[in-house]
Amino acid sequence: MACAVTIHLWLVITRRKLTLARRNERWYYIIPLSLAFSLSAGLACIPNSAFGMKNRCTEAVVPSHDYLVIRWCLYYGWFIIASVISFLCMFSVLRSARRLTHMTHMHGHSYQSSTEEYRDAVNARANSKRLRSLAVRYWVVDQEEWTVEWVDYNMDNLFTRKAIGINGQWPIPAVVGDFGDTLVVHVTNKLEEATSLHFHGLFQNGTNYYDGAVMVTECGVPPGGSFTYRVELKQAGTYWIHSHSKSQTADGMRMPLVIRDPHEHYQYDDEIIMPLQDWFQEPAPVLMKQFNDPDPHIRFRPIIPYAVIGGSCANSKRLNFVAGKTYRIRLANIGSSFDFHFSIDAHPLRVIEVDGVMVREHLTHGVTVSPGQRVSVLVTALDSSESNYLFHSDMYTDLLEMPKYNPLNFTGTIEYSSVAKTRHVRGSTWTCVLDLDLEPLDREPIMEPDTRVTLNAYSGIFSDQSFRHSFNNISYLAPEVPTVLTALTTGDMAMDPEIYGRRSNTHVLKHLDVVEVQINNYDYYSHPFHLHGHVFQIIETGSIREGKIHSKSALDIPVKRDTVVVRGGSYAIVRFRADNPGVWLFHCHIDFHIMLGLQMTFVEAPDKLQQQMKAGLPDMHRENCIAQGIKTTGNAAGRKGLDMGKINAELPTPYPDQFESYYPPSGWELISYIIHGNKDNVESIASPSHSSS
């Protein structure tokens, strides 16, 4: 019985750490567990025969010595056999679970054979009730050993360039877990610069130091160093993981993160994880130099983007549909700069989730997903398998004038049958879902604000003769001490925004205040703005262009997201409750705009944060700072009080007469037509007479 109890306790204790595959394959341990209990039950009969003999004897006859010896030999023999079998059963459980755990404990090795074993096991379970990913390979949630390093990636034989991968792989597989799991990732950095992991969309309530923003919530993992992230998965939905150090996201350090809900509101038969990402032939530092140039002829020089769709090179992705089944497609734009418009010929889409927030079904023919955003749609396969169809992942931008390449129509195949022909549907119109038309399932009403913040987004030439972006004329520069360490080590002064330095553009918030943020975009191109640590209600959007004043207000139950797109010459009003003490960035999620300064900091309830983190930060947190010579106490300059030394004086200032205008060049006509018009007629609008010289 002790052996069976041991196995049972092992299963209970490790339940929270069981991976999706292990939970999926319960029969791997139900059979040996049942066997162990059966053996134990049989075992229980034997000692009763030996120890309880007197009670069952009707006659007062003392058993002979030989009889007792035989009985005890049988007892110990059965005990040894049962013990061995029980331990073999437990070993089988461990071995089977480990084999089915996809790429767990990788330790820098290539597990291609494990990948194939996992795929075979999944495909063999055709009738399994548990959902599986059809679109990308994935890692399951457990303790992971991730080595961050450069790898070579061949873009469909067009070109080969270096990408930042994990354990020698790029694109990086999705991470999939269940609500309530804990993701433990031990990162080893083999790059030449510091790196980090940001779990985009996760609130990190109580674990602000795992948010991954370098020089905000940590110092970064130094070259040759390591760090362990322990992230509790308390939110179900579609998220992603990426570096928050320099421009590493643009160079490939990114992957989807899916957290499944055991109590899904919507029913579907299968799901597809579809990361959408732009990809450039030039590495990010080369592009940064171009975008930072004060000469507009260099800055706006066209670049040719490529796309990686669902983990495959563009135009090569195939999704297998079974007639009559309903699929959840999790779209995640994990790219650095470009928007994607997703649609499927002859298949309507039903939006059910945005940025981890479940919403009422909204019928549409297509959805736009900007950098940082995620959208889940339900698609019901047609009843007939006579034809295959195309899905479209059209990539476009209003950042640059590229009439010949904007949009780029990337397609894949919805395959009902390997022998069926593909049916082409012409004349399809781009349609978009407006955030303000969506309603969250939790039906939280509009919050009334306690405090208001206005952020004016500008770009232009600054005093350091570089092109920069800014909020309220401040172009973000990292402090010399991570902001969270300033908040934790300056006592009562942590409530003073000046302690964090002007360069971090900090607003200090009171605990539980409802904060209203109005973002005015004075650029002519779009910005997808993302808030760490929260979702916000989208209250209102509208135009700030002269003579084109219009606005749209939210429903009584406004949608919530963590990333909102503010188009050029427009504004948006959002609200959130400051119920998560910590240091949280608010920034544009176009990777190059982050680098050019379009971000600011909310320091939320630093007094509560100090109480919350009395036990201190993980040891590795400070060790990584010390290893890089970064100060860990004091104000933004590592000094006492408000003595900032030279860092405030070194802040570049804008030249107001050299700001970009929200009146765009002629290429805007093309972009406006792309967003609202018929994509089949784009070529006529992109003629030489309509493009700028």
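About the cut-offs
- Residues numbered from 1 in each chain as written.
- Predicted model: local features only at pLDDT ≥ 70, side-chain atom pairs only at ≥ 80, totals over all residues.
- Heavy atoms only, no water.
- Helix = DSSP H or I, 4+ residues; strand = E, 2+ residues; numbered from the N terminus.
- Areas by Shrake-Rupley, 256 points an atom, 1.4 Å probe, with all protein chains shown as cover.
- Buried < 20%, exposed > 50% of the residue type's maximum accessible area, 1.4 Å probe, protein only.
- Arc of directions from axis to C-beta.
- Contact = heavy atoms within 4.5 Å.
- Pairing = 2+ DSSP bridges.
- Disulfide = S-S within 2.5 Å.
- Salt bridge = Lys/Arg side-chain N within 4 Å of Asp/Glu carboxyl O.
- Phe/Tyr/Trp six-rings, centres within 6.5 Å; stacked < 30°, edge-to-face > 60°.
- Lys NZ or Arg CZ within 6 Å of the ring centre and 35° of its normal.
- Axes fitted to C-alpha atoms, helices over the stretch in contact; angles between N-to-C directions.
- Polar contact = N/O pair within 3.5 Å; in protein donor to acceptor, adjacent residues only side chain to side chain.
- pLDDT = per-residue confidence, 0-100.

S.K.: Residues and numbers for the overall build of the protein chain, please.
M.R.: Helix and strand counts for the protein chain come out as 14 helices and 35 strands. In the form shown here, the protein chain has an accessible surface area of approximately 29,200 Å², with 53% of it arising from carbon and sulfur atoms.

S.K.: Any details on helix α7 (residues 284–291)? Residues and values, ideally.
M.R.: Of all the residues in α7, the buried ones are Ala 284, Leu 287, Met 288, Gln 290 and Phe 291. Looking down the long axis of α7, one finds its buried residues gathered within 160° of arc, a one-sided arrangement. Pointing more than 90 degrees away from the buried face of α7 are the exposed residues Pro 285 and Lys 289. Buried residues belonging to α7 abut β3 (159–166), β10 (270–280), α8 (296–299), β24 (467–471) and α10 (591–595).

S.K.: Report on the sheet that holds strand β14 (residues 326–333), specifying residues and quantitative values.
M.R.: In space, the 7 strands of this open sheet follow the order β12-β11-β10-β14-β19-β16-β17, with mixed pairing throughout. Single-partner strands in this sheet number two, and they are β12 (312–313) and β17 (357–364). Bridge analysis of strand β16 (residues 349–354) against strand β19 (residues 374–380) gives 4 bridges, and the strand direction is antiparallel. By the bridge assignment for β19, Arg 350 is matched with Leu 378.

S.K.: Got a sec to walk through the environment of Gly 237? Specific residues and values, please.
M.R.: When you line up the elements, Gly 237 lands in strand β8 (residues 237–242). Between the C-alpha atom of Gly 237 and that of Arg 374, which follows or precedes it by 137 residues, the distance is 9.3 Å.

S.K.: Account for the state of the cysteines, with residues named and values stated.
M.R.: As enumerated under the stated definition, the model contains 1 disulfide in all. Across a sulfur-sulfur distance of 1.9 Å, Cys 219 and Cys 625 are joined as a disulfide pair. With the S-S bond torsion at 95°, the cross-link from Cys 219 to Cys 625 turns out right-handed. Linking Cys 219 in the loop between β6 (198–200) and β7 (226–232) with Cys 625 in helix α12 (residues 619–627), this pair joins segments that are 406 residues apart in sequence.

S.K.: Pulling in residues and values, what's your account of the pattern of salt bridges?
M.R.: Counted by the stated rule, this structure contains 24 salt bridges. Note that Lys 552 is salt-bridged to Asp 437, the shortest N-O span being 3.4 Å. Of this pair, Lys 552 sits in strand β29 (residues 551–553) while Asp 437 sits in the loop between β22 (421–422) and β23 (451–462), and the two are 115 residues apart along the sequence. For Lys 552, a relative accessible area of 32% translates into the label partly exposed. Judged by relative accessible area, Asp 437 falls into the partly exposed class, the value being 34%. Connected through shared salt-bridge partners, Asp 355, Arg 374, Asp 435, Arg 561 and Asp 562 make up one network.

S.K.: Pulling in residues and values, what's your account of the environment of Val 231?
M.R.: Positionally, Val 231 belongs in strand β7. Spatially, the C-alpha atom of Val 231 lies 7.4 Å from that of Tyr 210, the residues being 21 residues apart in sequence. Each residue touching Val 231, except ones within four places of it in the same chain, is listed here: Asp 181, Thr 182, Leu 183, Phe 199, Leu 202 and Gln 204.

S.K.: Describe the packing of aromatic side chains, naming the residues involved and giving the relevant values.
M.R.: Using the criterion set out here, one finds 22 aromatic pairs in the structure. Pairing Phe 471 with Phe 529 gives two aromatic rings, centres 5.5 Å apart and planes at 40°, and the pair type is tilted. On the criterion of sequence distance, the pair formed by Phe 471 in strand β24 and Phe 529 in strand β27 (residues 527–531) is long-range, its members being 58 residues apart. Relative accessible area serves as the criterion here: at 0%, Phe 529 is assigned to the buried category. Here Arg 161 stacks its cationic end above the ring of Trp 279, 4.2 Å away from the centre of that ring.

S.K.: So what's going on with the pairing of strand β26 (residues 514–521)? Which residues, and what values?
M.R.: Burial within β26 is extensive, with 7 of its 8 residues counted as buried. The pairing of β23 with β26 spans 7 bridges and is classified as parallel. Looking across to β26, one finds that Thr 454 is bridged to Gln 518. Pairing between β26 and strand β32 (residues 570–577): 7 bridges, direction antiparallel.

S.K.: Account for the sheet that holds β27, naming residues and giving values.
M.R.: Overall, mixed pairing links the 5 strands, which are arranged β25-β34-β33-β27-β31 in an open sheet. Sheet topology places β25 (506–509) and β31 (563–566) at the edges, where each strand pairs with a single neighbour. Across the sheet, the mean angle from the axis of one strand to that of its neighbour is 20°, orientation sign disregarded.

S.K.: Requested: an account of the pairing of strand β5 (residues 182–189), with residues and values cited.
M.R.: Along β5, 6 of the 8 residues are buried, which leaves the element largely enclosed by surrounding structure. Where β5 and β7 come together, 7 bridges link them in antiparallel fashion. Counted as the bridge partner of Thr 182 is Glu 232 from β7.

S.K.: How would you explain unusual backbone geometry if you had to name every residue and give the values?
M.R.: The amide bond that connects Trp 170 to the next residue, Pro 171, takes the cis arrangement and shows omega of 0°. Within the secondary structure layout, Pro 171 lies in the loop between β3 and β4 (174–178). Of note, Asp 355 is a non-glycine position whose phi angle comes to about 50°, a positive value. Positive phi values are uncommon outside glycine, yet Leu 512 reaches one of about 75°. Tracing the backbone shows Leu 512 in the loop between β25 and β26. Since its relative accessible area comes to 43%, Leu 512 is described here as partly exposed.

S.K.: I'd like a description of the side chain of Ser 459, backed by residues and values.
M.R.: With respect to the helices and strands, the residue Ser 459 is situated in strand β23. On the accessibility criterion, Ser 459 (0% relative accessible area) is buried. A distance of 2.6 Å separates the side chain of Ser 459 from the side chain of Asp 523, its partner in a polar contact. Here Tyr 525 takes part through its side chain, which lies 3.1 Å from a polar atom of the side chain of Ser 459.

S.K.: Residue-level account of α12, with values.
M.R.: Among all positions of α12, only His 621, Asn 624 and Cys 625 are buried. All buried residues of α12 lie within an arc of 100° about the axis, which places them on one face of the element. Residues of α12 that are exposed and point over 90 degrees away from its buried face: Asp 619, Ile 626 and Ala 627. Among the residues trailing α12, Gly 629 stands out with phi positive, at a value near 70°.

S.K.: Let's hear about the confidence of the model for the protein chain: which residues, and what values?
M.R.: Low-confidence regions, as indicated by low pLDDT, have predicted coordinates that should not be scrutinised in detail. Overall, the prediction assigns the protein chain a mean pLDDT of 80, with 72% of residues at 70 or greater. Note on residues 11–29: pLDDT is under 50 here. Beyond four places in sequence and across chains, it has 47 contacts. Counting interchain partners and residues more than four positions distant, the pLDDT-below-50 stretch residues 664–693 has 56 contacts.

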